[in-house]
Amino acid sequence: MLAVVTVWQMVRFVDAYDKQALTVFGEYRGLLEPGINFIPPFVSRTYTFDMRTQTMDVPRQEAITRDNSPVTADAVVYLRVMDAKKAFLEVEDYKTAVSNLAQTTLRAVLGDMELDDTLNKRQEINARIRRELDEPTDEWGIRVESVEVREVNPSQEVQHAMEQQTGAERRRRATILEAQGERRSAVEQAEGDKQSNIIRAQGEKQSQILEAQGDAISTVLRAKSAESMGERAIIDKGMDTLEAIGRGESTTFVLPQELTSLVGRYGKHLTGSDVATDGQRLDSLQFDEETRELIGLDDIKQILGEIEEAAEMNVEELEQQAKAVKDGESNGKNAPVRE
């Protein structure tokens with residue numbers, strides 16, 4: 001039994017992911033590597049260190065931010081033992097030491113930031129905590145691989161105020177969007193009214209132009225007619241005078257040159273009314289280029305042509321509608337009546 005117990009005390013099995021610190025009579029002798037190790041029996045002690053990456057929860061901490069807002073936060077620290085000798089000789093319990101250091105560092109980092117930064121700059125908080133932990137943990141043979149802050153929660157009063165602020169911001173955005181929509185609608189309506197007024201003004205302008213042109217044509221025609229009638233009256237009066245001279249007893253007649261011209265005009269009226277012997281019309285019954293441009297006679301012809309085309313189209317549409325109505329009535333009359 002003594003031999004069995006002695007062999008059992010001499011042999012140590014170390015896992016592949018562990019290392020063990022060996023002391024003999026309380027003196028540090030070295031590290032036991034993974035596998036089978038032989039140690040002095042009865043006077044040796046071993047301390048196991050896990051060399052894998054380990055996770056450690058940092059308890060929830062309360063802190064006051066730089067703008068005097070209370071917050072609570074917790075975190076997770078990922079660490080690994082890089083030097084088992086330092087972890088054994090330099091610190092009593094490296095996990096407890098790293099946890100306490102992470103707690104104080106978390107409170108210090110949160111207290112050095114404003115509330116909005118603690119809620120929005122999570123990566124910056126992680127990086128600052130890791131930098132603060134690197135230097136002391138290196139002396140312990142520990143490397144902090146990562147720090148992740150899980151939650152940062154302000155107090156209930158602050159949360160309520162933030163909710164009210166968020167609601168007010170949303171209402172403000174909704175008001176702005178509604179005002180923009182009303183503004184756009186008003187602009188569209190004003191643009192439509194503008195186009196309608198422009199079209200109405202153009203129609204009134206065209207109507208006034210046509211009315212003015214019609215009045216101008218009527219005035220010119222009345223003037224031309226009055227001029228022609230006056231000339232005809234003069235000719236008739238001259239012919240009466242010639243007749244009176246012919247009825248006289250004298251056989252000698254002296255005719256002035258104006259009377260000869262008067263007879264010539266009378267001949268024109270007899271031969272062709274308003275057409276001269278050379279095929280030209282009387283000056284009093286035609287429009288010169290200046291008069292035509294003044295009264296807009298050519299424009300009137302074009303406008304009248306457009307009006308006639310529109311009227312013909314309207315007539316055709318009315319005829320088609322009437323034909324459709326007639327066909328419908330005839331079909332209704334010829335349809336058999338079912339009981």
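Rules of the game
Residues numbered from 1 in each chain as written. Predicted model: local features only at pLDDT ≥ 70, side-chain atom pairs only at ≥ 80, totals over all residues. Heavy atoms only, no water. Helix = DSSP H or I, 4+ residues; strand = E, 2+ residues; numbered from the N terminus. Expected span 1.5 Å × (residues − 1). Buried < 20%, exposed > 50% of the residue type's maximum accessible area, 1.4 Å probe, protein only. Pairing = 2+ DSSP bridges. Axes fitted to C-alpha atoms, helices over the stretch in contact; angles between N-to-C directions. Contact = heavy atoms within 4.5 Å. Core = buried A, V, L, I, M, F, W, Y, C linked by side-chain atoms within 4.5 Å. Patch = residues over 30% accessible without salt bridge, like charges linked within 9 Å, V, L, I, M, F, W, Y side chains within 5 Å. Areas by Shrake-Rupley, 256 points an atom, 1.4 Å probe, with all protein chains shown as cover. Salt bridge = Lys/Arg side-chain N within 4 Å of Asp/Glu carboxyl O. Lys, Arg positive; Asp, Glu negative; His and termini not counted. Charge placed at Lys NZ, Arg CZ, Asp CG, Glu CD. Parallel < 35°, antiparallel > 145°, perpendicular 65-115°, else oblique. Left-handed = near helix turned anticlockwise from the far one by under 90°. Nonpolar A, V, L, I, M, F, W, Y, C, P; charged D, E, K, R; others polar. Polar contact = N/O pair within 3.5 Å; in protein donor to acceptor, adjacent residues only side chain to side chain. pLDDT = per-residue confidence, 0-100.

## Considerations on helix α3 (residues 94-111)
In a regular helix each residue adds 1.5 Å, so 18 residues correspond to 26 Å; α3 covers 26 Å between its end C-alpha atoms and thus fits that length. Burial in α3 covers these residues: Tyr94, Ala97, Val98, Ser99, Ala102, Gln103, Thr105, Leu106, Val109 and Leu110.

## Quick word on the sheet that holds strand β3 (residues 27-32)
Sheet strands line up and pair through hydrogen bonds in the backbone, either parallel or antiparallel. Read across the open sheet, the 3 strands follow the order β3-β2-β5; overall the sheet is antiparallel. Where the open sheet ends on each side, the last strands, each with one partner, are β3 and β5 (44-50). The mean inter-strand angle of the sheet, taken between neighbouring strand axes irrespective of direction, is 25°. Note: strand β2 (residues 18-24) against β5, 7 bridges, orientation antiparallel. Across the sheet, Gln20 pairs through a bridge with Thr48, a residue of β5.

## Digging into the sheet that holds strand β6 (residues 54-64)
A sheet is described by the order of its strands in space; here 3 strands give the open sequence β6-β7-β8, paired in antiparallel fashion. Edge positions in the sheet fall to β6 and β8 (142-154), since each has one partner strand and no second. Ignoring which end each strand starts from, the neighbouring axes of this sheet average 20° apart. Bridging between β6 and strand β7 (residues 70-81) involves 9 bridges; their strand directions are antiparallel. The partner of Met56 across the bridge, within β7, is Val77. Of the strands in this sheet, β6, β7 and β8 are in contact with α3, which crosses β6 at around 35°.

## Here's the deal with the side chain of Thr72
Position of Thr72 among the secondary structure elements: in strand β7. With a relative accessible area of 19%, Thr72 lands in the buried category. Setting aside anything within four residues of it in sequence, one finds Thr72 in contact with Arg60, Gln61, Glu62, Glu151, Val152 and Asn153.

## Focus: the nonpolar core
Membership of the largest hydrophobic core comes to 34 residues, with the highest contact counts inside it found for Val77, Tyr94, Ile129 and Ile142. Among the secondary structure elements, those contributing two or more residues to this core are β6, β7, α2 (84-89), α3, α5 (122-139) and β8. Examining the composition of this core, we find that 7 residues originate from one element, α3, more than from any other. Ranked by size, the runner-up nonpolar core spans 5 residues in total, among them Val14, Leu22, Val24 and Leu32.

## Considerations on a negative patch on the surface
On the surface, a cluster of negative charge is made up of Glu90, Glu132, Glu135, Asp138 and Glu139. Take Glu135: it is sitting in helix α5. Residue class for Glu135 comes out exposed when judged on its relative accessible area of 62%.

## Topic: the pattern of salt bridges
On inspection of all chains with the given rule, the structure shows 13 salt bridges. Residue Glu169 pairs with Arg172 through a salt bridge whose shortest N-O separation is 2.4 Å. Here the residue Glu169 and the residue Arg172 both occupy positions in helix α6 (residues 156-246), the gap between them amounting to 3 residues, near one helical turn. Connected through salt bridges with shared partners, the residues Asp57, Arg60, Asp74, Arg150 and Glu151 form a single ionic network.

## A look at unusual backbone geometry
Backbone geometry places Phe25, a non-glycine residue, at a positive phi of 55°. Within the element layout of this structure, Phe25 appears in the loop between β2 and β3. Assessed through its relative accessible area of 69%, Phe25 is described here as exposed. Of note, Phe42 is a non-glycine position whose phi angle comes to about 70°, a positive value.

## Thoughts on the packing of α3 against α5
Running from N to C, α3 and α5 point in directions that differ by 140°, and their axes come no closer than 10 Å. Here α5 runs oblique to α3, going by the angle between their axes. By crossing handedness, the relation of α3 to α5 is classed as right-handed. Of the residues in α5, those touching α3 at Val98, Leu101, Ala102, Thr105, Leu106, Val109 and Leu110 are Ile125, Arg128, Ile129, Glu132, Leu133, Pro136 and Thr137. Each residue belonging to the contact of α3 with α5 can be placed in one class, and the counts come to 10 nonpolar, 2 polar and 2 charged.

## Here's the deal with the side chain of Gln54
Examined against the element boundaries, Gln54 turns out to sit in strand β6. In this structure the side chain of Gln54 is engaged in a polar contact, spanning 3.1 Å, whose partner is the side chain of Tyr94. Looking at Gln54, its side chain comes within polar contact range of the side chain of Lys95, at 3.1 Å. Apart from the residues within four sequence positions on either side, Gln54 is in contact with Val77, Tyr78, Leu79, Val81, Tyr94 and Lys95.

## Considering the confidence of the model for the protein
When the pLDDT values of the protein are averaged, the result is 77; 65% of them are 70 or greater. For the protein, per-element mean pLDDT is lowest for helix α7 (residues 257-272), which scores 54, and highest for β7, which scores 93. Low pLDDT (under 50) marks residues 272-285, which in the prediction has 17 contacts with non-local residues, meaning those over four places away or in another chain. Every residue in residues 332-339 is under pLDDT 50, and counting partners more than four places away or in other chains gives 0 contacts.

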